Amino acid sequence: MSGMMKQMVMAGPGKTKIIEVPIPEITEDEMLVRVTLSGMCHSEWYPWLTAKEGDLLGHESIGVVEKLGANVTGFHVGERVTGLGGGAFREYIVVEPSKMAHVPDCLKDEDAISEPLACLLSAAMKLPVKTLGDTAAVVGCGYMGLGTVSLFKAMGYGDIIAIDKRPEALENAKKFGATELYLPEEIPARYISDFDTMGFVDLTRNGDNSQLFALGIPTVMEFTGTEDGLQLAGRLVKAHGRLGIGGYHNDGPRSIDYKLWNFKAITTINCHERRIAYEADLCRRCMELLEKGIWKFTGVTKIYDLEEFDKVSDMMIHHTDGFIKAAFRC
């Protein structure tokens, strides 16, 4: 296949442009996919804001198989696929079959962009339920936080506490299964476990330290990507509890109260994933979970034209127009 296609590139910090480039060729072991939608990831906001001319963004794709390499099996021209790789903000991408998932007929394109779903599933699996009905909290209820709330519900957590600075985000969390909703300044004292709320704790080993375990939440997932959100999440974790760090903290270093985290003997878990083959398997599993109705997480993504990318990036960071998740027509 030959010809030209549209591709989005960075024109400089916070500014994109659409150019024409040749449609890529494939090898015998690859597939050419015509992209229908490309998702916007919050991890791209800082690279977009600080970009150099010619930089490329995009890694969340869904599309239709246009051409198969001679050695490719298990796929056919005309079927919908989603997965990892290829670069997404362009009309055609070259992908490896091992990184792709088939899209069930019952799912809309915007609900089946699998890369962020796989990230969510990977993160949630790092915080498995210990006993059915356990309590958990999610700090930050944007797209990733909402996905975590819905996954926690499917996994068998009982009370799911949602925390966000935005009332509308909390209302969204309620729709996906959150049982308690709090703005940061409204969190009940019983959920805060820090040196102010704990008071004096007997460390002589003569007692049972019951006061130390009376406060906080056993499992907390952070999905804010901000320093204050991470600090708050740390204050919520019960002694010997678990803190999952799912937010993408790519805009600079973070200061945390490790004296507190150390004292409470909490377990901190980096909930990001870098194993490509594992995450590709999760893409396929996500399609199964959504198709079977086990994971009820659809209807949150709005579709825009690719030329609107800069405007929508601003909407994402300022949470305007009810922004949760964006995908772009390619």
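So, here is what we can say about the structure in this document. This is a predicted model, so every value here is computed, not measured.

**A short note on the pattern of salt bridges**
Oppositely charged side chains may form a pair once their charged atoms are brought near each other.
Point 1. One pass over the structure, following the stated rule, counts 18 salt bridges.
Point 2. Between Arg329 and Asp305 there is a salt bridge, with its nearest N and O atoms 2.8 Å apart. Of this pair, Arg329 sits in strand 15 (residues 325–329) while Asp305 sits in strand 14 (residues 301–305), placing them 24 residues apart in sequence.
Point 3. Its relative accessible area of 43% is what places Arg329 among the partly exposed residues.
Point 4. The exposure class assigned to Asp305 is partly exposed, which follows from its relative accessible area of 36%.
Point 5. Overlapping salt bridges bring together Lys126, Glu273 and Arg275 as one network.

**What about the sheet that holds strand 10 (residues 180–182)?**
Point 1. The parallel open sheet is built from 6 strands, whose spatial order is 10-9-8-11-12-13. Where the open sheet ends on each side, the last strands, each with one partner, are strand 10 and strand 13 (267–270). Ignoring which end each strand starts from, the neighbouring axes of this sheet average 20 degrees apart.
Point 2. Summarising the sheet, strand 12 (residues 237–245) and strand 13 pair through 4 bridges and their orientation is parallel. When the bridges of strand 13 are listed, Arg242 appears paired with Thr267.
Point 3. Helix 6 (residues 227–236) rests against strand 8 (136–139), strand 9 (160–163), strand 11 (217–222) and strand 12 of the sheet, and its axis sits at about 150 degrees to strand 12.

**Focus: the packing of aromatic side chains**
Point 1. Applying the stated criterion to the full structure yields 11 aromatic pairs.
Point 2. Arranged with centres 5.1 Å apart and planes meeting at 75 degrees, the rings of Phe89 and Phe309 form a pair that is edge-to-face. Separated by 220 residues along the polypeptide, Phe89 in the loop between strand 5 (80–83) and strand 6 (92–95) and Phe309 in helix 9 (residues 309–318) bring together distant segments of the chain.
Point 3. Classification of Phe89 by relative accessible area gives buried; the value is 1%.
Point 4. Between Phe152 and Tyr157, the ring centres sit 4.6 Å apart and the planes meet at 50 degrees, which makes this aromatic pair tilted. Comparing Phe152 with Tyr157, the two get one shared label, buried.
Point 5. Joined through ring pairs, the aromatic side chains of Phe89, Tyr304, Phe309 and Phe328 make up one cluster.
Point 6. Over the face of the ring belonging to Tyr143 we find Lys325, whose NZ or CZ atom lies 4.8 Å from the ring centre.

What counts and how
Position numbers for residues start from 1 in each chain and track the written sequence from start to end. Totals for whole chains, interfaces and linings use every residue, but because this is a predicted model, local features are given only for residues with pLDDT of at least 70 and side-chain atom pairs only at 80 or more, for both listing and counting. For side-chain calculations, the full set of non-hydrogen atoms in the structure is used, while hydrogens and water are omitted. Salt bridge, as used here, is a side-chain nitrogen of Lys or Arg placed within 4 Å of a carboxyl oxygen of Asp or Glu. Here a strand is any run of E in DSSP of at least two residues, a helix any run of H or I of at least four, and the numbering for each starts at the N terminus. In this scheme, a residue with accessible area under 20% of its type's maximum is buried, one over 50% is exposed, and one in between is partly exposed, where area comes from a 1.4 Å probe on protein chains only. By this definition, two strands are paired if DSSP reports at least two bridges between them. Interaxial angles span 0 to 180 degrees and are taken between N-to-C directions of axes, which are lines fitted to C-alpha atoms, for helices over the stretch in contact. Contacts are assigned to residue pairs that have any heavy atoms within 4.5 Å of one another. Stacked, edge-to-face and tilted are the three classes for Phe, Tyr and Trp ring pairs, Trp counted by its six-membered ring, which pair at centre distances within 6.5 Å; planes under 30 degrees apart are stacked, over 60 edge-to-face, the rest tilted. Criterion for a charge above a ring: Lys NZ or Arg CZ within 6 Å of the ring centre, and within 35 degrees of the ring normal.

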